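# Architecture and fold: a report
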Amino acid sequence: DTGVSQNPRHKITKRGQNVTFRCDPISEHNRLYWYRQTLGQGPEFLTYFQNEAQLEKSRLLSDRFSAERPKGSFSTLEIQRTEQGDSAMYLCASSLEGTGTNEQFFGPGTRLTVL
Amino acid sequence: AQSVTQLDSHVSVSEGTPVLLRCNYSSSYSPSLFWYVQHPNKGLQLLLKYTSAATLVKGINGFEAEFKKSETSFHLTKPSAHMSDAAEYFCVVSGGSTLGRLYFGRGTQLTVWP
């Protein structure tokens, strides 16, 4: 399968714990995006990378959130000191610069439940 | 600023009847517009995209959308609904100074009755 993959698919944690999610984009894609989707809402943008550089961050990305893409391939999203309000589906997407459309390909998501 | 409004949170149709999912957008720039579909426990899948070429865009599974700049609309249609079309549909806008991010509507849940 050459699509976007995310791990884990599900994560249950206790409030105050740290969690880390991984995203592997489509191999030739140089742009990678993180979104968050809560129940009954559309996905909301968190951040995006072009190669290794983090080019944009949403105001939704509080200081407890950090994202990295150290080698311009896979990316990790870490949430420190989780809160119940962090419970959501975290989606990763990738795209190829230069196509002119910003069409993004999405992974299946990581569902986070904070107890 | 970019934004999208999906005018219906739920749409119910009978199998074999037409589908209309309504979307209005706001954009300070010439936008790219998309419709994505999300089936339960599945990832988001692109249905179709508009990128300033033809205003009538054809997508997968018989879906179409028409870009109407004067009405700032990008409604999704299908002549005949199928049971497998039941899913959540998102209208999405992109472009301008925030080229990286996509702006999603709140979604329209489509139910198809046999």
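Below you will find a few notes about this structure.

What counts, and at which threshold
- Residues numbered from 1 in each chain as written.
- Chains lettered and ligands numbered in written order.
- Predicted model: local features only at pLDDT ≥ 70, side-chain atom pairs only at ≥ 80, totals over all residues.
- Heavy atoms only, no water.
- Phe/Tyr/Trp six-rings, centres within 6.5 Å; stacked < 30°, edge-to-face > 60°.
- Buried < 20%, exposed > 50% of the residue type's maximum accessible area, 1.4 Å probe, protein only.
- Helix = DSSP H or I, 4+ residues; strand = E, 2+ residues; numbered from the N terminus.
- Core = buried A, V, L, I, M, F, W, Y, C linked by side-chain atoms within 4.5 Å.
- 1 Å grid on protein atoms, 1.4 Å probe; cavity = no way out; pocket = protein on both sides within 12 Å on 5 of 7 lines; lining within 4 Å.
- Points joined across faces, edges and corners; volume = space filled by probe spheres on them.
- Nonpolar A, V, L, I, M, F, W, Y, C, P; charged D, E, K, R; others polar.

## Description of the packing of aromatic side chains
- Following the criterion strictly, the structure yields 16 aromatic pairs over all chains and no others.
- With a centroid separation of 6.2 Å and an interplanar angle of 45°, the aromatic rings of F34 of chain B and Y36 of chain B are classed as tilted.
- The buried category is assigned to F34 of chain B, whose relative accessible area is 0%.
- A centroid spacing of 5.6 Å and a plane angle of 45° characterise the contact between F63 of chain B and Y89 of chain B, whose relative ring orientation is tilted. Placement of F63 of chain B in the loop between β7 (56–58) and β8 (64–68) and of Y89 of chain B in strand β10 (residues 87–95) is noted, with a sequence separation of 26 residues between them. With respect to burial, F63 of chain B and Y89 of chain B carry one shared label: buried.
- Grouped by ring-pair contacts, the aromatic residues Y33, Y35, F45, Y48 and F106 of chain A together with F34, Y36, F90 and F104 of chain B constitute a single cluster.

## A word on the nonpolar core
- Counting 27 residues, the largest nonpolar core has W35, L48, F74, L76 and Y89 of chain B as the members making the most contacts within it.
- At four residues, β10 of chain B tops the list of elements feeding residues into this core.

## Here we look at the layout of surface pockets
- Of the voids in this model, the largest pocket is the one considered here, and its volume is about 700 Å³.
- Along its surface, the largest pocket is lined by 30 residues, and Q37, L39, G40 and R111 of chain A together with Q38 of chain B are the ones closest to its centre.
- If you list the elements that add at least two residues to the lining of the largest pocket, you get β9 (88–95) and β11 (110–114) of chain A together with β10 of chain B.
- By volume, the second largest pocket amounts to about 360 Å³.
- In terms of lining, the second largest pocket is formed by 18 residues, of which the most central are E44, F45 and L60 of chain A together with R101 and Y103 of chain B.
- Secondary structure elements with two or more residues in the lining of the second largest pocket: β5 (44–50) of chain A together with β1 (3–6) and β11 (98–104) of chain B.
- With four residues, β11 of chain B is the largest single contributor of residues to the lining of the second largest pocket.
- Here the lining of the second largest pocket is composed, by residue class, of seven nonpolar, six polar and five charged.

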